[in-house]
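# An overview of the molecular structure
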Amino acid sequence: MALVNSTEMFKKAYAGGYAIGAFNVNNMEIVQAITEACKEEMAPVILQVSKGARAYANHTYLVKLVEAAVLECPEIPVVLHLDHGPDFETCKACIDGGFTSVMIDASSKPFEENIEITKKVVEYAHAHGVVVEAELGTLAGIEDEVKVDAGAASYTRPEEVEEFVSRTGCDSLAIAIGTSHGAYKFKPGTKPQLRFDVLHECEKKLPGFPIVLHGSSSVPQNYVQMINENGGAMPGAIGVPEEQLREASRSAVCKINIDSDLRLAMTGTIRKFFNEHPDKFDPREYLKPARANIKELVRHKLVNVLGCNGKA
Ligand code: G3H
Ligand code: 13P
Ligand code: ZN
């Protein structure tokens, strides 16, 4: 199967009460780990590339890595998505350069400005068969070089979503219900809880419309411990409980973004490897177990969190 956009995927996910995993890719090992797990579990997948990933690995390398995965995994549909597109120019470069889906993230701008920028991207994207994710509400945490403090984050206002979607023509909408980017999502000692009331209000206002959750890593404590036991220092790293993500995936949430968990698995595995083998220096020797652990983590997400296994 060639690269596809997410229109059909989201229709099936909405009707079937599951979500598609959207995993960030920055290098070959991560692309391989994700797509091998999806192929073995027959799960549709969204591979997403941030502005930072394009700066790190180069647009062409990333597109070609994803195209290689499509050739290796012809059984599953794959979307190539721009994550947190900061402006029209970046979205246009990705639309012109082979992406099948883009996000325009103007969520930090005032409502009218967000509409104006999003609408411009939608017009260009739709003319090229590419779909658009937009965002209303602000998540806390760090994405690319922008850090949003918890105090400055704001939940999506359900009374705004209908007007936003109808005026912009976007194809899916990321909302803020208490998730955040990175590995420190909730204060230690507090009970992590997503605002399902906000989600359900948005869902009611937009019947049949796909909702997206960003910042949905669960920060697996086995990898936090592996990092801390092997020279790292990540005290108080806490993520979104997986049961809450499973519950969200049964609703209008059709796309769930997971990046930090894969980074933790990779870093933990490599730290442990070096601790146990201080004499080794062949990158293949430490990237191989890292890739294997990411693959198993993605498999766990597909089966136990997203419920999208067997849906390709
Ligand atoms: O939300 C952001 C994603 O985790 C990508 O992170 O900007 O460090 O590539 P990045
Ligand atoms: P995490 O930092 O929770 O993995 O979120 C990833 C994300 O939202 C990418 O857009
Ligand atoms: Zn995000």
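That block above? That's the structure.
## Quick look at unusual backbone geometry
Phi is positive for Met42, close to 50°, though the residue is something other than glycine. With respect to the helices and strands, Met42 occurs in the loop between helix H2 (28-41) and strand E2 (45-50). Phi at Asn58 is positive, roughly 90°, even though this residue is not glycine. The topology assignment puts Asn58 in the loop between helix H3 (51-57) and helix H4 (59-72).

## Looking at the site of ligand 2
Around ligand 2 sit 16 residues in total, of which Asp83, Lys185, Ser217, Asp259 and Ser260 are the nearest. One of the side-chain nitrogen or oxygen atoms of His181 is found 3.0 Å away from an oxygen atom of ligand 2. Here ligand 2, which alone exposes 310 Å², has 96% of that area covered by the protein. Split by residue class, the shell around ligand 2 holds 1 nonpolar, 12 polar and 3 charged.

## Observations concerning the environment of Ile258
Along the chain, Ile258 turns up in strand E10 (residues 253-258). The class for Ile258 is buried, based on a relative accessible area of 0%. Sequence separation between Ile258 and Ile20 is 238 residues; the distance between their C-alpha atoms is 11 Å.

## What to know about the coordination of the zinc ion (ligand 3)
Every protein donor of the zinc ion (ligand 3) is accounted for by His84 (NE2), His181 (NE2) and His214 (ND1), and the metal-donor separations fall at 2.0 to 2.1 Å. The sequence pattern describing where the donors of the zinc ion (ligand 3) fall on their chain is H-x96-H-x32-H. Of this pair, His84 sits in strand E3 (residues 78-85) while His181 sits in the loop between strand E8 (172-175) and helix H8 (196-205), and the two are 97 residues apart along the sequence. Taken individually, His84 and His181 each receive the classification buried, so the pair is uniform in this respect.

## Quick word on the nonpolar core
By size, the foremost hydrophobic cluster in this structure holds 97 residues, and its most contacted members are Phe23, Ile34, Val102, Leu173, Leu262 and Leu302. Top contributing element to this core by residue count: helix H12 (residues 283-306), with 8 residues. Once you skip the residues sitting within four places of it in the chain, Leu262 turns out to touch Phe23, Ile30, Ile34, Ile294, Leu297 and Val298.

## Details of the side chain of Ser249
Along the chain, the position of Ser249 falls in helix H10 (residues 242-249). Relative accessible area serves as the criterion here: at 0%, Ser249 is assigned to the buried category. For Ser249, the residues in contact, after removing those within four places along its chain, are Gly17, Tyr18, Ala19, Ile256, Val305 and Leu306.

## Description of the environment of Ala13
Relative to the assigned elements, Ala13 resides in helix H1 (residues 7-16). We classify Ala13 as buried; its relative accessible area is 0%. Along the backbone, Ala13 and Lys255 are 242 residues apart, and their C-alpha atoms lie at a distance of 8.6 Å. When near neighbours in sequence (up to four residues on either side) are disregarded, Ala13 contacts Tyr18, Ile20 and Cys254.

## Notes on the sheet that holds E3
Pairing in this closed barrel of 8 strands is parallel, and the strands run E1-E2-E3-E4-E5-E8-E9-E10 around the ring. Strand-to-strand, the axes of this sheet are offset by a mean angle of 25°, without reference to chain direction. As paired elements, strand E5 (residues 131-136) and E8 share 4 bridges and run parallel to each other. Note on E8: the bridge partner recorded for Glu135 is Ala174. Contacting strand E1 (20-24) and E2, H2 runs over the sheet at an angle of about 165° to E2.

Analysis parameters
Residues numbered from 1 in each chain as written. Chains lettered and ligands numbered in written order. Predicted model: local features only at pLDDT ≥ 70, side-chain atom pairs only at ≥ 80, totals over all residues. Heavy atoms only, no water. Helix = DSSP H or I, 4+ residues; strand = E, 2+ residues; numbered from the N terminus. Near = heavy atom within 4 Å. Polar contact = N/O pair within 3.5 Å; in protein donor to acceptor, adjacent residues only side chain to side chain. Areas by Shrake-Rupley, 256 points an atom, 1.4 Å probe, with all protein chains shown as cover. Nonpolar A, V, L, I, M, F, W, Y, C, P; charged D, E, K, R; others polar. Buried < 20%, exposed > 50% of the residue type's maximum accessible area, 1.4 Å probe, protein only. Donors = N, O, S within 2.8 Å, 3.2 Å for Na, K, Ca; no water. Core = buried A, V, L, I, M, F, W, Y, C linked by side-chain atoms within 4.5 Å. Contact = heavy atoms within 4.5 Å. Pairing = 2+ DSSP bridges. Axes fitted to C-alpha atoms, helices over the stretch in contact; angles between N-to-C directions.

In short, geometric facts, not functional conclusions.
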